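Each chain, written out:
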Amino acid sequence: MTTASEPIAAPQTSPSPRGSKDRVKTAIAAGVGTSVENYDFVSYGTAAALYFGVVFFPADDPLVRNLLAFSTLAVGFLMRPLGGAIGGYLADRFGRKPVLVAAMIVMGGATFVIGLLPTFDQIGIAAPIILTVIRMVQGLAFGAEWGGAITMAYEHAPWHRRGMFAAIPQSGNPLGIALATAMFAWSSTLEGDWQWRTPFLFSSVLVIVALVVRSKLSESPEFQEAQATGKTVKNPLLTTLREDWRSILRVIALRVVESFAYYSTATYLLNHIAERNPELRPLALGAITVASVIAIGMTFLMGSLTDRIGRKPIYVGASIAVILFAFPLYLLTNDGIPALVVATFIIGIGIIHASLTGVQGSLLTEQFQTATRTSGASLGYQLAAAIGGFAPLLATALVGVFGWPGASILYMLAGVIGLVGILVTRETFGRAERARVQALVDAAR
């Protein structure tokens, strides 16, 4: 069983070391779908930060209102490990492609329904209950999607460019974030409930486009080979838990820093700024949009760089950057100076967070072998997401006790966890492995 403590062994038969003929199309299609999934999931986080406290959880105390709104945000994250387990099992057992299509349909439908929901003023307590149930469905779908998308891009890719190709669907994350925040920035100019309903309703257009693109994908060549040679396992989830649980723990640590880094910034910091300086809400949304656009290129760049210098050095540097940026994150924004607010989001999301996500596609996937790859990577990734989903809630609670430094300490702690995680993870694409893979690629020309 391949673990993070040994190099990833390349297949000795087909598929070709140069990748499949559909490698570019598959990576782009995975990225398009990932962007839509992130649009849907991030739309909820943005709405929770800006609208849902008042619309679905009316309370006299703003702190209580925010805690309730962020609690429903966290519920979606709690469902993601279950979604990751189900999606990973099905992808390793029956194929990657069906899971990608099914997850897209479920996620898109749930997001569209949120845009149609009646508010607390209209139907009372039933409104937040329905919202919470739909949020749970969102969490299941999102949890099932990531592993299949990354695995498809990775397994179709040339062996010496897997970092770059796995970063393409990862680049869909900031693309979806940019689309969501841009839509919320625009819809903030509308009247009444249309400010928060419109972004959810618009997602139906994106889902249709993504479904058309994904429906034309070919199945992973590595999965097809494993299936043909009888190398799939009857229960990939249990096999992974039994034989690769250390790799799952490493993935959790590596993912926690990235998840906390994003949601502490794009969700909690957004709420923090909007409450202290309401007039800066459009500016902050615009800053997240700009930062997300920058992150698209940065994510791809970092993934490509891992093919040249390895996976580990970039992740070490980005984890240290999280630790160092913990207090400046709030010191730069507390006074509400527009230029500093924009710069903070660009550094936090466009550079630091993107550096982490750019490496994750290949690094996390390479902790597991083909037969259990989606199950292992998905489970670890989504368990960490469930923890990270509590970042806004925890930050709110800590700020209530310690003031804004409480949120900085939480952010810093996530950086420490990520740094420890990467330090105990062996390089999966070091110099010797890069040379070996390059020789195989050259021989296949």
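Chemist: Talk me through the environment of Arg246; I want residue IDs and the actual numbers.
Modeler: Along the chain, Arg246 falls in helix 10 (residues 245-276). Separated by 113 residues in the primary sequence, Arg246 and Val133 place their C-alpha atoms 33 Å from one another.

Chemist: Talk me through a nonpolar patch on the surface; I want residue IDs and the actual numbers.
Modeler: Taken together, the side chains of Val106, Ile125, Ile129, Val133, Met136 and Val137 present a nonpolar region at the surface, about 480 Å² in accessible area. Element by element, the count of residues in the nonpolar patch is highest for helix 5 (residues 126-156), at 4 residues. Since its relative accessible area comes to 49%, Ile129 is described here as partly exposed.

Chemist: How would you sum up the nonpolar core? Please name residues and give values.
Modeler: With 101 residues, the main nonpolar core has Phe52, Phe56, Leu131, Trp196, Tyr315 and Phe345 as its most contacted residues. With 16 residues, the single largest contributor to this core is helix 10. Counting residues in each nonpolar core, the second largest holds 6 residues, with Ala29, Leu100, Ala149 and Leu217 among its members.

Chemist: Lay out empty space enclosed by the protein with the relevant residues and their values.
Modeler: A complete count under the given rule lists 4 cavities of 30 Å³ or more for this structure. Taken together, 15 residues line the largest cavity, and the ones lying closest to its centre are Asn38, Arg255, Glu258, Tyr263 and Tyr381. For the lining of the largest cavity, the secondary-structure elements that each account for two or more residues are helix 1 (23-56), helix 5, helix 6 (162-187), helix 10 and helix 14 (338-365). For the lining of the largest cavity, the element with the highest residue contribution is helix 10, accounting for 4 residues. Split into classes, the residues belonging to the lining of the largest cavity amount to 8 nonpolar, 4 polar and 3 charged.

Chemist: Summarise helix 18 (residues 431-443); cite the residues concerned and give the values.
Modeler: Given a rise of 1.5 Å per residue, 13 residues ought to cover 18 Å, and the 18 Å separating the end C-alpha atoms of helix 18 matches this to within 8%. Of the residues making up helix 18, those classed as buried are Glu433, Arg434, Val437 and Val441. Within helix 18, the buried residues cover an arc of 100° as seen down the axis, which keeps them to one side. Summarising the geometry of helix 18, the exposed residues directed more than 90 degrees from the buried face are Arg431, Ala432 and Ala443. Contact partners of the buried residues in helix 18: helix 11 (281-309).

Chemist: Explain the confidence of the model for the chain to me, using residue names and the numbers behind them.
Modeler: Considering every residue of the chain, the mean pLDDT works out to 87; 96% of them sit at 70 or more. Averaged over each element, pLDDT in the chain is lowest for helix 8 (residues 221-228) (80) and highest for helix 12 (residues 312-325) (97). Confidence drops under a pLDDT of 50 for residues 1-13, and excluding neighbours within four residues, the segment shows 38 contacts in the predicted structure.

Chemist: If you had to explain the side chain of Arg135 to someone new, which residues and values would you point to?
Modeler: Considering the arrangement of structural elements, one finds Arg135 in helix 5. Discounting residues that sit within four places of it in the chain, Arg135 has contacts with Phe41, Tyr44, Thr72, Leu73, Gly76 and Phe77.

Cut-offs used in this document
Residues numbered from 1 in each chain as written. Predicted model: local features only at pLDDT ≥ 70, side-chain atom pairs only at ≥ 80, totals over all residues. Heavy atoms only, no water. Helix = DSSP H or I, 4+ residues; strand = E, 2+ residues; numbered from the N terminus. Patch = residues over 30% accessible without salt bridge, like charges linked within 9 Å, V, L, I, M, F, W, Y side chains within 5 Å. Areas by Shrake-Rupley, 256 points an atom, 1.4 Å probe, with all protein chains shown as cover. Salt bridge = Lys/Arg side-chain N within 4 Å of Asp/Glu carboxyl O. Buried < 20%, exposed > 50% of the residue type's maximum accessible area, 1.4 Å probe, protein only. Core = buried A, V, L, I, M, F, W, Y, C linked by side-chain atoms within 4.5 Å. 1 Å grid on protein atoms, 1.4 Å probe; cavity = no way out; pocket = protein on both sides within 12 Å on 5 of 7 lines; lining within 4 Å. Points joined across faces, edges and corners; volume = space filled by probe spheres on them. Nonpolar A, V, L, I, M, F, W, Y, C, P; charged D, E, K, R; others polar. Expected span 1.5 Å × (residues − 1). Arc of directions from axis to C-beta. Contact = heavy atoms within 4.5 Å. pLDDT = per-residue confidence, 0-100.

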